[in-house]
Structures are given as structure tokens and as C-alpha cells.
Amino acid sequence: MGESFVTPPVISYEQIFEKSTSSSPIVFILSPGADPAGELHKLAGRIGAGGSRLKFLAMGQGQEKLALQMLETASQRGQWLLLQNCHLLVKWLRDLDKALEKMTHQHPDFRLWLTTAPTPDFPISILQRSLKVVTEPPNGLKLNMRNTYHKIPPSALEECPHISFKPLVYVLAFFHAVVQERRKYGKIGWNISYDFNESDFTVCMELLKTYLTKAFEARDSNMPWGSLKYLIGEVMYGGRAIDNFDRRVLRTYMNEYFGDFIFDTFQPFHFFISPQMDYKIPQFGHKDNYTNEIEALPLTNGPDVFGLHPNAEIGYFTRAAKDMWEQLVELQPQTGETGTGVSREDFIGGIASDIQSKLPNTFELDQIKKKCGTLTPTNVVLLQELERFNNLIRRMSLSLVNLQRALAGEVGMRN
């Protein structure tokens, strides 16, 4: 069908603002590592709602009255109000809902922005009247880097006169994508899952601009690698890592990605190279050079790009398949009758009977041993796999029989 069907769109805050009104809140349902506050601040500056017209409040215990006061003031003066982490005060959201119902003559420039983690207790009435934005984490290096570069205006890459600034921003974006992508491999990626977010990249990009601008003005040909690696790897990203081995991983990436060797013309630098793909730094030039290089990257990548063993993705695929099936089960209709007039129990029973009829017979291991003759290491592995396959067939057959008996009411149903 094409790559476009599996590529999530990049969130455009301008489009979100155009669809919003003063009477409908904008609710951001956050994923790990997402923080819309920085992009919202930039949007307010571009539209002219920044400065004193943009108010922030991180929700927590004791902030209920202040939040309602700020809501009333912002609605009258046409300000923007961002209430962060609303999931921490779910019960208070009922008071917010009542306050929104009473608001009838708010300023047309007023906007209410809410951020919350996914929670089943969020009031439905607020969701029904609001504009909902789901921030899904990009899956894969390509999508992650595309998302990062989409939020970098071309003028930001021209603010630093140093020739190495643009390539180093690309290196930083690659490093940012790597540390985020390692999270999906569980304990193999990081001993502790860390919420590296967009603010880490933004601050580190400012550090690059500051230090490289100083080096350019001082006409210093030596790059301040020591300071950059310490501030980025030890302070910004390393400041989130509390495990010593995780900090060692960050230091290793710093040593691998930051140094004079990345500009070596005799031995070109590669983040990772294989017969299928070459992850490298693009040629010096405009922002389009770097975005075109990102678009040329494969949509999916293996764990070897991060320096992990290929077997690291076994656990990831197992969890992904389990999550997908759990979500599909939750999407099943919960009513007793379907649109075709067949009950849910009959429908499930029909599928179980169909699967049971297609199950193969178990293998006769004794006969296979006789045909093999002398047992070689390959034959031993074959017999072991056949034994496991026999166990799987028996388990499936027994489970399908019990499922059909449970649907008929002969035995109790378990989860």
C-alpha cells in the first residue's frame, strides 16, 4: 500500500491553533518523552501570544485554587493558559469542567491548553468539548530524526557562523534518536527507562551554537570537544541517567559520535555501515541536504545500528505483538449480537472450530529417528524442534477444546 500508510504525520501546532476556539480546550494526550510546552511557547511567539499573554502552571497538590483563578483571568484578558500534568489531579478536573460550563463570554483570543498522560478517569465531558491531540512517539531512527528536523526552523541553522555547526546538529539529532530508540528494547537498551525529550535536544543545540560561535569569534581552529561531550553526555542527557552502566553507554556514544574524526576527509565517518544501508553525515549545505538524507534512510532499522546484538529485538517484537493483540481484543464489540445476527460466542466458537480443523497431526519422533540413522548435531536440533512443535500442537488443541466447552457453559471461563 505504500510507506505513507505507516508513517505518522508530524504534529503541526499551527494547524492545531487554526482548528481551536476560545470555548474548546486543546488536550494533549502525552506519550513518554513528549513535551509540547516548548513548541507551544514558539507558536505563541510566532502568532503574537507570547510574553505575558502565555501562562504556565504545573498541576499538583495545592494548585487547584490558583488554576481556577488563572483560568478566570486568562479567559477575560484573552491570554493562553497551559495546565500541565492534569492526570495528577483527576478529581479536580470535575471542578474545571464546571468552570468551563459557566464560561459564556470569554475573550475570543483565549485558549486553554491541557496536557495529561493516558488515564481512564479523565472526565468524558471535557474530552467531548475539546480538541484532542495524541503525541505518539516516533518509531524508528528515520521518523525520530524527521520529527526533530521538522521542528528546527531553517533560520536556527544559520544563527551560528561556524562551518561545523550544521553537521554537528545532525550528529546531535542522530544521537538524540538513538537514546530514545534504545528504550523499546527494555533492559537491554537501558537498565532504567528515561524520558529523554525534545527539551534535551533543544538545550544541547543551544550549547553547540554558543560554544561554536565563541570558537569562531576567537578564530580558534580547535573544537571544544571536551566541554561539549561533558555538557551533552554528562550534564544534559547524563543528568537523567542514574544507573552507572547507563551513564557509561552515554559516554561511549559521546566518544563515538563527537571528535575531529567525523570531519576526516581521508577516512569518512559512518554512524553505521552495512551492505544494505550507510548512516553517514550529509554534505555541508542547506537544511534540505540534511532532510533529504533523512528521507533516504530506511523506515525500519535493526538494533545493530545502536551497537546492540540483533537478538535484542526478539523481546521488542514479542511485546509489540502482545500489545497489538490486546488492543485488537479491546476493540472487539462488547455487545451480545453483531451486525450479522451472529452472537459473539458463536462467532468465537466458529473461529476456534476452524483453527482446530486446520491443526496438523503431531510428528512421530520414533519413526523420524529411524529415518535419520546416525544422529548428527543437525538431526539432534531437528528432533528437539519437532518435540517442541508437538507440545505446541497439543497445547493449542487442548486450549481450543476448553474454549469451546467454556462457550457452551460446560466449564468456567478464565481470563
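Structure first, text after, so check above.
The paragraphs below set out a description of the structure included in this document.

### A closer look at the overall build of the chain
Working step 1: Secondary structure summary: the chain contains 16 helices and 7 strands in total.
Working step 2: Taken along the three principal axes of its C-alpha coordinates, the chain extends 80 × 70 × 40 Å.
Working step 3: A buried classification covers 39% of the 415 residues belonging to the chain.
Working step 4: Residue pairs at least 24 apart in sequence account for 74% of intrachain contacts in the chain once pairs closer than 6 positions are excluded.
Working step 5: With the model as given, the accessible surface of the chain reaches about 24300 Å², and the carbon-plus-sulfur share is 54%.
Working step 6: The distance from the centre of the 44 positive side-chain charges to the centre of the 46 negative ones in the chain is 3 Å.

### Thoughts on the sheet that holds strand β4 (residues 111–116)
Working step 1: Spatially, 5 strands are ordered β2-β3-β4-β1-β5 in an open sheet, and the strand pairing comes out parallel. Looking along the sheet, the strands with just one partner apiece sit at the ends: β2 (54–58) and β5 (131–134). Averaged over all neighbouring strand pairs, the angle between strand axes comes to 15°, with direction disregarded.
Working step 2: When strand β1 (residues 26–29) meets β4, the two strands line up parallel, connected through 4 bridges. Paired with Ile 26 across the bridge in β4 is Trp 113.

### Considerations on unusual backbone geometry
Working step 1: Even without being a glycine, Asn 85 presents a positive backbone phi close to 60°.
Working step 2: Relative to the assigned elements, Asn 85 resides in the loop between β3 (80–84) and α4 (93–102).
Working step 3: Here the phi dihedral of Arg 219 falls at roughly 55°; this positive angle occurs in a residue that is not glycine.
Working step 4: Topologically, Arg 219 is positioned in the loop between α9 (198–217) and α10 (225–236).

### Thoughts on the packing of helix α6 (residues 141–150) against helix α8 (residues 165–181)
Working step 1: Remark: α6 packs on α8, axes separated minimally by 9 Å, with the N-to-C direction vectors making an angle of 130°. Between α6 and α8, the crossing angle belongs to the class labelled oblique. Here α6 and α8 pass one another in a crossing that is right-handed. Across the interface between the two elements, Leu 141, Asn 144, Met 145, Thr 148 and Tyr 149 from α6 touch Lys 166, Val 169, Tyr 170, Ala 173, Phe 174, His 176, Ala 177, Val 178, Gln 180 and Glu 181 from α8.
Working step 2: Within the contact of α6 with α8, the residues separate by chemical class into 9 nonpolar, 4 polar and 2 charged.

### Focus: the nonpolar core
Working step 1: Residues Phe 175, Tyr 237 and Tyr 257 are the most contacted members of the largest nonpolar core, which totals 56 residues.
Working step 2: Setting aside its immediate chain neighbours within four residues, Phe 175 contacts Ile 232, Tyr 237, Leu 250, Tyr 253, Met 254 and Tyr 257.

### Section: the environment of Phe 17
Working step 1: Among the secondary structure elements, Phe 17 is positioned in helix α1 (residues 13–19).
Working step 2: The sequence separation of Phe 17 and Gln 69 amounts to 52 residues, and the corresponding C-alpha distance is 24 Å.
Working step 3: Not counting residues up to four positions away in its chain, the partners in contact with Phe 17 are Leu 43, Ile 47, Trp 80 and Arg 111.

### Thoughts on the packing of α8 against helix α11 (residues 244–257)
Two measures define how a pair of helices packs: the angle their axes make with one another and the distance between the axes.
Working step 1: With their axes 11 Å apart at the nearest point, α8 and α11 run at an angle of 150° to one another. Considering the angle they form, α8 stands roughly antiparallel to α11. Crossing hand, α8 versus α11: right-handed. Contacts from Val 171, Phe 174, Phe 175, Val 178 and Val 179 of α8 reach α11 at Leu 250, Tyr 253, Met 254 and Tyr 257.

### What about the environment of Ser 52?
Working step 1: With respect to the helices and strands, the residue Ser 52 is situated in the loop between α2 (37–47) and β2.
Working step 2: Given a relative accessible area of 56%, Ser 52 falls into the exposed group.
Working step 3: Put simply, Ser 52 and Met 324 are 272 residues apart on the chain and 45 Å apart in space, counted from C-alpha to C-alpha.

### Re the packing of aromatic side chains
Working step 1: Applying the stated criterion across every chain, the model contains 28 aromatic pairs.
Working step 2: Ring centres of Tyr 149 and Tyr 290 lie 6.4 Å apart, and the angle between their planes is 20°; on these two criteria the pair is classed as stacked. You can see Tyr 149 sitting in helix α6 and its partner Tyr 290 sitting in helix α12 (residues 287–295), a full 141 residues away along the chain.
Working step 3: By relative accessible area, Tyr 149 is classed as buried at 2%.
Working step 4: A centroid spacing of 6.0 Å and a plane angle of 55° characterise the contact between Phe 363 and Phe 389, whose relative ring orientation is tilted. Pair noted here: Phe 363 is in the loop between α14 (344–358) and α15 (365–372) and Phe 389 is in helix α16 (residues 377–407), with a separation of 26 residues, a long-range link.
Working step 5: Take Phe 389: its relative accessible area is 36%, and that puts it in the partly exposed class.
Working step 6: When the ring centre of Trp 190 is taken as origin, the NZ or CZ atom of Arg 182, which lies over that ring, is 5.2 Å away.
Working step 7: Directly above the ring of Tyr 316 sits Lys 184, whose terminal nitrogen or CZ lies 4.8 Å from the centroid.

Calculation criteria
- Residues numbered from 1 in each chain as written.
- Predicted model: local features only at pLDDT ≥ 70, side-chain atom pairs only at ≥ 80, totals over all residues.
- Heavy atoms only, no water.
- Helix = DSSP H or I, 4+ residues; strand = E, 2+ residues; numbered from the N terminus.
- Buried < 20%, exposed > 50% of the residue type's maximum accessible area, 1.4 Å probe, protein only.
- Contact = heavy atoms within 4.5 Å.
- Areas by Shrake-Rupley, 256 points an atom, 1.4 Å probe, with all protein chains shown as cover.
- Lys, Arg positive; Asp, Glu negative; His and termini not counted.
- Charge placed at Lys NZ, Arg CZ, Asp CG, Glu CD.
- Pairing = 2+ DSSP bridges.
- Axes fitted to C-alpha atoms, helices over the stretch in contact; angles between N-to-C directions.
- Parallel < 35°, antiparallel > 145°, perpendicular 65-115°, else oblique.
- Left-handed = near helix turned anticlockwise from the far one by under 90°.
- Nonpolar A, V, L, I, M, F, W, Y, C, P; charged D, E, K, R; others polar.
- Core = buried A, V, L, I, M, F, W, Y, C linked by side-chain atoms within 4.5 Å.
- Phe/Tyr/Trp six-rings, centres within 6.5 Å; stacked < 30°, edge-to-face > 60°.
- Lys NZ or Arg CZ within 6 Å of the ring centre and 35° of its normal.

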